[in-house]
Amino acid sequence: GAVVSQHPSWVICKSGTSVKIECRSLDFQATTMFWYRQFPKQSLMLMATSNEGSKATYEQGVEKDKFLINHASLTLSTLTVTSAHPEDSSFYICSALPGSSFSSEQYFGPGTRLTVT
Amino acid sequence: EDQVTQSPEALRLQEGESSSLNCSYTVSGLRGLFWYRQDPGKGPEFLFTLYSAGEEKEKERLKATLTKKESFLHITAPKPEDSATYLCAVRISNSGYALNFGKGTSLLVTP
């Protein structure tokens, strides 16, 4: 149980284009999902908190107009990197918080490797 | 400022050689300390949650403990398949359910 998937697992795009990454909770409903970014040899940095049916909350320094987040259902959140640049190349990981859980464990997806050329 | 510091940064063990990883934290209003395992190119895999000082949890060769200032992840008689990066994260009172991660300890267990 508690499986989270991401699609695509890797993507290469040209500078200036937009890329959409999907995060799905496969066997549970998630009212809250999180998006993290991880650079090589670095830890996970929280980008934003996504709540179903409401606007995402972005961490300081994360451009909300560049990283568009949509949490349209209890099992799906999407992250769109708009007008991507090489410095956006990173490993993007989502996590989901089971809505019915009395604990607070987040379950992570396998990540999406984005390379902007 | 809330901080999570993990040590050592990297650790190399022989198979069967037990050791401990450290996670020290300076946060206000701790609402849970989490341990995750991350394999290269993959997302973190949940291991343990600890909520209060004195709490301990075990899973196979791993045992996590918590004090008011730090947490230890003890690895007993490790095997090569235990090789991974181990991440510590804290949930603090004003962060909702978001996690603040340390930089991790990269563990290599050789046969």
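Residues numbered from 1 in each chain as written. Chains lettered and ligands numbered in written order. Predicted model: local features only at pLDDT ≥ 70, side-chain atom pairs only at ≥ 80, totals over all residues. Heavy atoms only, no water.

Novice: Can you walk me through the overall build of chain B in this structure?
Specialist: Across its full length, chain B carries 0 helices and 11 strands. Reading chain B from its N end, one meets helices and strands in the order β-β-β-β-β-β-β-β-β-β-β. Whereas a compact globule of 111 residues would reach a radius of gyration of roughly 13 Å, chain B reaches 13 Å, a difference of no more than 12%. Counting only C-alpha atoms, chain B reaches 45 × 30 × 20 Å along its principal axes. Sorting the 111 residues of chain B into buried and exposed places 45% on the buried side. (Helix = DSSP H or I, 4+ residues; strand = E, 2+ residues; numbered from the N terminus. Rg over C-alpha atoms; globule rule 2.2 N^0.38 Å. Buried < 20%, exposed > 50% of the residue type's maximum accessible area, 1.4 Å probe, protein only.)

Novice: When you look at the interface of chain A and chain B in this model, what are you seeing that I'm missing?
Specialist: Listed as interface residues are 18 residues of chain A and, on the opposing side, 18 residues of chain B. When the two sides are added together, the surface that chain A and chain B hide from each other amounts to roughly 1400 Å², 59% of it contributed by carbon and sulfur. There are 0 salt bridges connecting chain A and chain B. There are 5 residue pairs in polar contact (both at pLDDT 80 or more) connecting chain A and chain B. (Contact = heavy atoms within 4.5 Å. Buried area = accessible area lost by both parts, 1.4 Å probe. Salt bridge = Lys/Arg side-chain N within 4 Å of Asp/Glu carboxyl O. Polar contact = N/O pair within 3.5 Å; in protein donor to acceptor, adjacent residues only side chain to side chain.)

Novice: Would you explain the state of the cysteines in this entry?
Specialist: Disulfides are covalent bonds that link the sulfur atoms of two cysteine residues. One pass over the structure, following the stated rule, counts 2 disulfides over all chains. Put simply, Cys23(B) and Cys88(B) are joined by a disulfide, and their sulfur atoms are 1.9 Å apart. Taking the torsion about the sulfur-sulfur bond, which here is approximately -60 degrees, the covalent link between Cys23(B) and Cys88(B) counts as left-handed. One end of the pair, Cys23(B), is in strand β3 (residues 19-26); the other, Cys88(B), is in strand β9 (residues 84-92), and 65 residues separate them in sequence. Take Cys23(B) and Cys88(B): they sit in the same class, and that class is buried. Free cysteine: Cys13(A), not disulfide-bonded; nearest cysteine sulfur from Cys94(A) at 18 Å. (Disulfide = S-S within 2.5 Å.)

Novice: How should I be thinking about the pairing of strand β8 (residues 70-75) of chain B in this particular structure?
Specialist: All names here are of chain B. The side-chain alternation of β8 yields one buried face, formed by Ser-71, Leu-73 and Ile-75, and one unburied face, formed by Glu-70, Phe-72 and His-74. The sheet contact formed by β3 and β8 spans 6 bridges and is antiparallel. Looking at β8, one finds that Asn-22 is bridged to Phe-72. Where strand β7 (residues 62-66) and β8 come together, 5 bridges link them in antiparallel fashion. Within β8, the position partnered with Ala-64 by the bridge is Leu-73. Remark: 3 residues form the turn of the hairpin made by β7 and β8, two consecutive strands paired antiparallel. (Pairing = 2+ DSSP bridges.)

Novice: Is there a simple way to explain the sheet that holds strand β6 (residues 56-59) of chain B in this structure?
Specialist: Strand pairing within a sheet occurs via backbone hydrogen bonds; the two strands may be parallel or antiparallel. All names here are of chain B. Strands sit in the order β1-β3-β8-β7-β6 across an open sheet of 5 strands; the sheet is antiparallel. Every other strand in the sheet has two partners, leaving β1 (3-7) and β6 as the edge strands with one partner each. Pairs of neighbouring strands in the sheet enclose a mean axial angle of 15 degrees, with direction left out of account. (Axes fitted to C-alpha atoms, helices over the stretch in contact; angles between N-to-C directions.)

Novice: How should I be thinking about the pattern of salt bridges in this particular structure?
Specialist: Pairs may arise between side chains of opposite charge once their charged atoms sit close together. A complete count under the given rule lists 6 salt bridges over all chains for this structure. Glu22(A) is paired through a salt bridge with Arg24(A); the nearest N and O atoms lie 3.5 Å apart. Relative accessible area serves as the criterion here: at 34%, Arg24(A) is assigned to the partly exposed category. The salt bridge partner of Arg61(B) is Asp82(B), with a shortest N-O separation of 2.8 Å. Taken together, the residues span a long stretch of sequence, with Arg61(B) in the loop between β6 and β7 and Asp82(B) in the loop between β8 and β9 at a distance of 21 residues.

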